[in-house]
Amino acid sequence: MLSDVQVRRFHGDGYVLVPALFDSEETELLRQAARSDPAIAGHACERDDGEGGKSRITLWNDAGDDLFSMFSRCERVTGAMEQLLGGEVYHYHSKMMQKEPFQGGAWVWHQDYGYWYSNGCLFPYMASCFIAVDPCTRENGCLQVLKGSHHMGRVEHVRVAGQVGAEPERVAEAQKLLEQVYVEMQPGDALFFHCNLLHRSDQNQSPNPRWSLICCYNAARNNPYKESGHPRYRPLHKVPDTAIKEAGLRFLAAGQFMR
Ligand code: SIN
Ligand code: MN
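In this text, all values refer to a predicted model and were calculated from it rather than measured experimentally.

Visitor: What is the right way to read the packing of aromatic side chains from this model?
Guide: As enumerated under the stated definition, the model contains seven aromatic pairs in all. Ring geometry for tyrosine 92 against tryptophan 116: centres 5.4 Å apart, planes inclined by 75°, an arrangement best described as edge-to-face. On the criterion of sequence distance, the pair formed by tyrosine 92 in strand β4 (residues 89-99) and tryptophan 116 in helix α6 (residues 112-116) is long-range, its members being 24 residues apart. For tyrosine 92, a relative accessible area of 0% corresponds to the buried category.

Structure representation (structure tokens):
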């Protein structure tokens, strides 16, 4: 449950950072599972960032019974999302961003709704929860945001440096007016951000990995009018927060830790 101040901050700034949303035990389970679950490594795709770096992402639409899904289904995240989006939400997708030491790719300025708009979502009633798996610092390419940029509405997206990003001329003008924030985070911190918030990140030129789990949601009342690579409305089966540790113990018992 977010406080009124946190909800107001999300609406005013386009994001709210919640320190230690997950405790050290939950975070360590997440980190170990992320690094060792063959489903993460096995389904990863690599994308060139157009600047010599590579971004590795594992993305899934379905929230199941695995440990990662307990994060995306737990009350702490889904309850907050309902507060922020003003009603019932469903799981749109989740992704494990794997920014590896010395090669993790950059992301150009974009809004997530820059892409999701094309998936038949009429309203920007969508948001993400970025959960730090590793420390996210300026050195390893933490997320950067333009504070308040969600008030601009959706910006046109075009090809930028081999990626699809927000129209550079408009971003440059917005940068003159809005504060650019480097969102440094500790493992277990969570950043809730609006789908029209402009964000980017630098390459990871450091010796430290920068992995994060990003869980994305759409409002139930914003059911896409057409099929796309992400799901239309279907009920999200929430779980109590305690389900994270329970799933973690199941994961440990299955002996899936390989590195
Ligand atoms: C990043 O992990 O730096 C980018 C994440 C995103 O664009 O959602
Ligand atoms: Mn994004």
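Visitor: What am I meant to see in the site of ligand 1 here?
Guide: Around ligand 1, a shell composed of Met97, Trp107, His110, Leu143, His199, Ser201, Arg210 and Ile214 is seen. In the model, an oxygen atom of ligand 1 is placed 2.5 Å from a nitrogen or oxygen of the serine 201 side chain. Interatomic distance of 2.7 Å between a side-chain N/O atom of arginine 210 and an oxygen atom of ligand 1. Isolated, ligand 1 exposes 260 Å² of accessible area, and the fraction of that covered by the protein chains is 96%. Counting residues per element, the ones that place at least two in the shell around ligand 1 are β5 (107-110), β12 (199-201) and β13 (210-219). Taken together, the residues of the shell around ligand 1 break down into four nonpolar, three polar and one charged.

Visitor: Which parts of the structure should I look at to understand the pattern of salt bridges?
Guide: A side chain of one charge can pair with a side chain of the opposite charge when the charged atoms of the two come close. Within the structure shown, the criterion is met by 18 salt bridges. Close ionic contact of glutamate 26 with arginine 76 constitutes a salt bridge, the shortest N to O distance being 2.8 Å. Residue glutamate 26 is found in helix α2 (residues 24-36), and its partner arginine 76 is found in helix α5 (residues 75-85); the two are separated by 50 residues along the sequence. Note on glutamate 26: relative accessible area 3%, which makes it buried.

Definitions and limits used
- Residues numbered from 1 in each chain as written.
- Chains lettered and ligands numbered in written order.
- Predicted model: local features only at pLDDT ≥ 70, side-chain atom pairs only at ≥ 80, totals over all residues.
- Heavy atoms only, no water.
- Phe/Tyr/Trp six-rings, centres within 6.5 Å; stacked < 30°, edge-to-face > 60°.
- Helix = DSSP H or I, 4+ residues; strand = E, 2+ residues; numbered from the N terminus.
- Buried < 20%, exposed > 50% of the residue type's maximum accessible area, 1.4 Å probe, protein only.
- Near = heavy atom within 4 Å.
- Polar contact = N/O pair within 3.5 Å; in protein donor to acceptor, adjacent residues only side chain to side chain.
- Areas by Shrake-Rupley, 256 points an atom, 1.4 Å probe, with all protein chains shown as cover.
- Nonpolar A, V, L, I, M, F, W, Y, C, P; charged D, E, K, R; others polar.
- Salt bridge = Lys/Arg side-chain N within 4 Å of Asp/Glu carboxyl O.

On their own, these measurements won't tell you what the molecule is for.
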